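Each chain, written out:
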Amino acid sequence: MKIARDGLPTITFLALCSCAFAFISWIPCVIMLALLCVVIWFFRDPERKTDYRDGYFYAPADGKIVEISDCEHKFTGAAIKVGIFMNLFSVHVNRAPCTGRVDFLEYIPGKKIAAFSPKASEINERHYVGLSTQWGAVMMLQIAGLVARRIVCRLKRGDVLEAGERYGMIKLGSRVDLYMPSDTVIRVKIGEKVKAGISVIGVIKC
């Protein structure tokens, strides 16, 4: 099983602690090993192949659809927003919904209310990633949740992403919103579970 590189420091620390406790007492050693297993499972990063097709937008995160609404942003203009809530049991690695060039990046510090709330998109700590694509502007919004401790985004302006390519993660439960062109036909509904790089969120009208 592949592990997200963002979890390697924590995993290494817990592994060393487990080894140290093995020479002291078996009880704390067992506790540390159990915690190590939980952390390894949390940072799992399964291999996935995106069945890419032109005009298709794929889920940027694993989780449950909690919002579908019209919105507007300075980068995208009028758009359709689909919010995906990632709970503690979700794979937390984020993937590009389509092929495009990174032309907009913005980090905004904020609060940490429950990520499934619609207000989380406006007041929580969040990170915008805007892509220029042949179908128009597309944007992913990583949102820290109630217990999320860190948003990870490894991109810089000018980077080119392929559909399904990993670009970051959010540690612990959180949310990712996807902004698509306003003429996109949505293929999901509220409450539906989706997988990053696999599930089709919307299709651009031809």
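As the structure is a computational prediction, the values presented were derived from the model and not from experiment.

Enquirer: Before we go on, may I ask you to explain the sheet that holds strand β6 (residues 126-133) in this structure?
Expert: Within the open sheet, the eight strands sit side by side as β9-β5-β6-β7-β11-β3-β2-β13. Their pairing is antiparallel. The open sheet has two edge strands, β9 (160-161) and β13 (193-194), and neither has a second partner. The pairing of strand β5 (residues 100-108) with β9 spans two bridges and is classified as antiparallel. Counterpart to Arg101 in the pairing with β9 is Val160.

Enquirer: Mind showing me how you'd approach the packing of helix α1 (residues 8-22) against helix α2 (residues 26-42) here?
Expert: Packed helices, taken two at a time, are described by the angle their axes make and the gap between the axes. For the pair α1 and α2, interaxial distance at closest approach is 8 Å and the crossing angle is 165°. When the interaxial angle is binned, α1 and α2 end up roughly antiparallel. In the packing of α1 onto α2, the handedness of the crossing is left-handed. Counted together, Thr10, Ile11, Leu14, Ala15, Cys17, Ser18, Phe21 and Ala22 of α1 and Pro28, Cys29, Met32, Leu33, Leu35, Leu36, Val39 and Ile40 of α2 form the full contact between these two elements. Looking at the contact of α1 with α2 residue by residue, the classes come out as 14 nonpolar, two polar and no charged.

Enquirer: Sorry, what's going on with the side chain of Asp45 here?
Expert: Among the structural elements, Asp45 can be located in the loop between α2 and β1 (56-58). Here Asp45 falls in the buried class, since its relative accessible area comes to 4%. Among the polar contacts made by the side chain of Asp45, one reaches the side chain of Arg166 at a distance of 2.7 Å.

Enquirer: Quick question: what am I supposed to make of the pairing of β5 here?
Expert: As a general feature of sheets, a regular strand has side chains that alternate between the two faces. As paired strands, β5 and β6 are joined by seven bridges and run antiparallel to one another. Paired with Ile108 across the strands is Arg126, a residue of β6.

Enquirer: Before we go on, may I ask you to explain a nonpolar patch on the surface in this structure?
Expert: Residues Trp26, Ile27, Val30 and Ile31 make up a contiguous nonpolar surface patch of about 450 Å² in total accessible area. Here Val30 lies in helix α2.

Enquirer: Just to check I follow, could you spell out the sheet that holds strand β10 (residues 166-171) for this structure?
Expert: Spatial strand order, β4-β10-β8: three strands in an open sheet with antiparallel pairing. The open sheet terminates on both sides in strands that have one partner only, identified here as β4 (93-95) and β8 (150-153). Averaged over neighbouring strand pairs, the angle between their axes works out to 20° when direction is ignored. In this sheet, β10 lies alongside β8 in antiparallel orientation, the contact comprising four bridges. Along β10, the bridge assignment pairs Cys153 with Gly168.

Enquirer: Hey, could you run me through the environment of Ser132 in this one?
Expert: Tracing the backbone through its elements, the reader meets Ser132 in strand β6. Owing to a relative accessible area of 27%, Ser132 belongs among the partly exposed residues under this scheme. For Ser132, the residues in contact, after removing those within four places along its chain, are Phe75, Gly100, Arg101 and Asp103.

Thresholds, definitions, all that
- Residues numbered from 1 in each chain as written.
- Predicted model: local features only at pLDDT ≥ 70, side-chain atom pairs only at ≥ 80, totals over all residues.
- Heavy atoms only, no water.
- Pairing = 2+ DSSP bridges.
- Helix = DSSP H or I, 4+ residues; strand = E, 2+ residues; numbered from the N terminus.
- Axes fitted to C-alpha atoms, helices over the stretch in contact; angles between N-to-C directions.
- Parallel < 35°, antiparallel > 145°, perpendicular 65-115°, else oblique.
- Left-handed = near helix turned anticlockwise from the far one by under 90°.
- Contact = heavy atoms within 4.5 Å.
- Nonpolar A, V, L, I, M, F, W, Y, C, P; charged D, E, K, R; others polar.
- Buried < 20%, exposed > 50% of the residue type's maximum accessible area, 1.4 Å probe, protein only.
- Polar contact = N/O pair within 3.5 Å; in protein donor to acceptor, adjacent residues only side chain to side chain.
- Patch = residues over 30% accessible without salt bridge, like charges linked within 9 Å, V, L, I, M, F, W, Y side chains within 5 Å.
- Areas by Shrake-Rupley, 256 points an atom, 1.4 Å probe, with all protein chains shown as cover.
- Salt bridge = Lys/Arg side-chain N within 4 Å of Asp/Glu carboxyl O.

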